[in-house]
Amino acid sequence: MGGGTDGRWGAYASAIARWENVTRPAPPPTDAAGRLRSDFVEWMQGLAPGWVTATPGLGRPAQLTALGNGVVPQQATRAMQLLAPPFPSYPRCTAP
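First, a word on scope: everything that follows refers to the structure included in this document. This is a predicted model, so every value here is computed, not measured.

### Some remarks on the packing of aromatic side chains
Considering all chains together, one arrives at 2 aromatic pairs under this definition. Measuring from ring centre to ring centre gives 5.5 Å for W9 and F40, while their planes differ by 10°; the resulting arrangement is stacked. Remark: F40 occurs in helix α2 (residues 38-44) and W9 occurs in the segment before α1 (13-22); sequence separation between them is 31 residues. By relative accessible area, which is 10% here, W9 ends up buried. Relative to W43, the ring of F40 lies with its centre 5.6 Å away and its plane at 25°, an arrangement referred to as stacked. Residue F40 and its partner W43 are located together in helix α2, separated by 3 residues, close to a single helical turn. An aromatic cluster of three or more residues is present, and its members are W9, F40 and W43.

Pasting the structure below:
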């Protein structure tokens, strides 16, 4: 849990620390040029390391585009729970 406790996150330190407890240590948010790092975005979305960033031939701009157009799995799961109708005629497909 290095990222959430080292002072670089400011007002977001507690949120970063909580997400690190659920996932893994946060990568640095920016590179040496001050640009957003795609592995940080991947981490924020709760994706496995390399899910997007290890795709061969996909540079940083394309990685950020893919991540920006992607779906956060936790949000998609919750949306399906809220929006999917129950299937009453199928006993194994009941609403939670």
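Right, picking up where we left off after that structure.
### Observations regarding the pattern of salt bridges
Counted according to the given criterion, the structure contains 2 salt bridges. Between D31 and R35 there is a salt bridge, with its nearest N and O atoms 2.8 Å apart. According to the relative accessible area criterion, D31 is partly exposed, its value standing at 21%. Taking the shortest distance from any N to any O, the salt bridge between R37 and D39 comes out at 2.5 Å. What makes D39 partly exposed here is its relative accessible area of 21%.

Conventions adopted
Residues numbered from 1 in each chain as written. Predicted model: local features only at pLDDT ≥ 70, side-chain atom pairs only at ≥ 80, totals over all residues. Heavy atoms only, no water. Phe/Tyr/Trp six-rings, centres within 6.5 Å; stacked < 30°, edge-to-face > 60°. Helix = DSSP H or I, 4+ residues; strand = E, 2+ residues; numbered from the N terminus. Buried < 20%, exposed > 50% of the residue type's maximum accessible area, 1.4 Å probe, protein only. Salt bridge = Lys/Arg side-chain N within 4 Å of Asp/Glu carboxyl O.

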